[in-house]
Amino acid sequence: MPDLPAGFRDISRSLPDFHPNWPGDPPFTVTPGARMAQGDSVNTGVIHTSTHTGTHVDAPWHYGDDAPKLGQVPLERYLGECLVVHTPPGEFVTAELLGHLPDPLPPRLLLYTGQPAHWLTFPEDFTALDPAFVYAAARRGVRLIGTDSPSVDPLTSKTLDAHHAFLDTGMLILEGLNLSGVEPGEYTLICLPLPLTEADGAPARAVLLPAGLLP
Ligand SMILES: N[C@@H](CC(=O)c1ccccc1NC=O)C(=O)O
Ligand SMILES: [Zn+2]
Ligand SMILES: [Zn+2]
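The chain has the name Kynurenine formamidase in an unreviewed UniProt entry, where Deinococcus rubellus is given as its organism. Taken verbatim from the UniProt record of the chain, the Pathway (unreviewed entry) comment is "Amino-acid degradation; L-tryptophan degradation via kynurenine pathway; L-kynurenine from L-tryptophan: step 2/2." According to UniProt, the comment filed for the chain under the heading Function (unreviewed entry) is "Catalyzes the hydrolysis of N-formyl-L-kynurenine to L-kynurenine, the second step in the kynurenine pathway of tryptophan degradation."

Here it is, written out as structure tokens:
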């Protein structure tokens, strides 16, 4: 992909065909539609994707049947001041981390847990979030947490306790970021989910800009 201007950073995962999806989810594909090589006047493609492919947002309706679908989430929740944090290795990000972070915190926290820039296979053994961390971050004024992990709960969780902590606190979830090589610190987040208004989530393009660029 072409380079961005200095100070801009693409933190979305690129989506080649068969980009690994959540186990059991249908494969991600872009199949050919029209082809100029076959006499069509243009090239087109047909996307087949889970709403939870690669870098994506979860609408609250993903984990709460009475909660808002994506179209009811204001776009500005995904735009603005954020802090990138490198987390210690482990099964969960715990509330202890918050003791090491500046006060006050911006409304958005992005967590680099050590995921690589490209997933060749689905990363089943990723760092999830301890619900106590989610509740404590909410008390510190955080309104959105992004992670480079494919989910805020462990792969095998059936109770989705961290997701439910987001539901309880009204915080939003951004998953599957590519934060590899991003220095910790303050940035401006621009995250644009596909406008799938009736959906439980959507793939998103997300970039970091230098801090202070949005009002
Ligand atoms: N928690 C994951 C996704 C997830 O749970 C999931 C995604 C696709 C198909 C099944 C899923 N969970 C099923 O048990 C997420 O929020 O992206
Ligand atoms: Zn998701
Ligand atoms: Zn999720």
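**Q** Explain the confidence of the model for the chain to me, using residue names and the numbers behind them.
**A** Chain-level statistics for the chain give a pLDDT mean of 96 and a share of 99% at 70 or above. Considering each helix and strand of the chain separately, the mean pLDDT is smallest for strand β2 (residues 29-32), with a value of 95, and largest for strand β9 (residues 144-147), with 99. Note on the complex model: pTM 0.96, ipTM 0.93.

**Q** Requested: an account of the UniProt feature "binding site: Zn(2+) 1" (unreviewed entry) in the chain, with residues and values cited.
**A** When the UniProt feature table is mapped onto this chain, "binding site: Zn(2+) 1" (unreviewed entry) is found at H52, H56, D58 and E175. A maximum C-alpha distance of 8.3 Å places the annotated residues, which cover 124 residues in sequence, within one compact spot. In the annotated group above, the largest cavity draws its lining from H52, H56 and E175. On the secondary structure map, H52 appears in the loop between β3 (45-48) and β4 (56-58). The class of H52 is buried, set by a relative accessible area of 17%. Non-local contacts of H52, meaning those with residues more than four positions away in its chain, are made with D58, H62, E175 and D200. Within polar-contact distance, the side chain of H52 engages the side chain of T51 at 3.5 Å. With a relative accessible area of 0%, D58 lands in the buried category. Look past the residues within four positions of D58 in its chain and what remains in contact with it is H52, Y63, Y78, H163, I173, E175, D200 and G201. A polar contact is formed between the side chain of D58 and the side chain of H52, at a distance of 3.1 Å.

**Q** Outline unusual backbone geometry, listing residues and values.
**A** The residue after D103, namely P104, is reached through a cis peptide bond having omega 0°. Locating P104 in the fold gives a position in the loop between β6 (92-93) and β7 (108-112). With a phi close to 65°, F18 is a non-glycine residue in the positive phi region. Looking at where F18 falls in the secondary structure, it is placed in the loop between β1 (9-10) and β2. Positive phi, normally seen in glycine, also occurs at L160, with a value near 50°. Looking at the secondary structure, you find L160 in the loop between β9 and α2 (161-169).

Thresholds applied
Here the residue numbers are simple positions, counted from 1 along each chain's written sequence. To read the labels, note that chains go from A and ligands from 1, taken in the order they are written. Given that this is a predicted model, residues contribute local features only at a pLDDT of at least 70 and side-chain atom pairs are listed and counted only at 80 or more, while totals for whole chains, interfaces and linings are drawn from all residues. Working from all heavy atoms in the structure, the side-chain values ignore hydrogens and water. UniProt positions are given in the numbering used here, feature names are shortened, and annotations may be inferred rather than shown by experiment. What pLDDT expresses is the predictor's confidence in each residue, scored from 0 to 100. Counting from the N terminus, the helices are the DSSP runs of H or I reaching at least four residues and the strands are the DSSP runs of E reaching at least two. Computed over the protein atoms alone on a 1 Å grid, cavities are sets of points where a 1.4 Å probe fits but cannot get out and pockets are open sets with protein on both sides within 12 Å along at least five of seven lines; a residue lines them when it has an atom within 4 Å of a point. Think of it in three bands: with a 1.4 Å probe and only protein chains considered, a residue is buried below 20% of the maximum accessible area for its type, exposed above 50%, and partly exposed in between. The contact criterion used throughout is that any non-hydrogen atoms of two residues lie within 4.5 Å. Here a polar contact is recorded for every N or O atom pair within 3.5 Å, except that within protein the pair must consist of a potential hydrogen donor and a potential acceptor, and residues adjacent in sequence are included only if both atoms are side-chain atoms.

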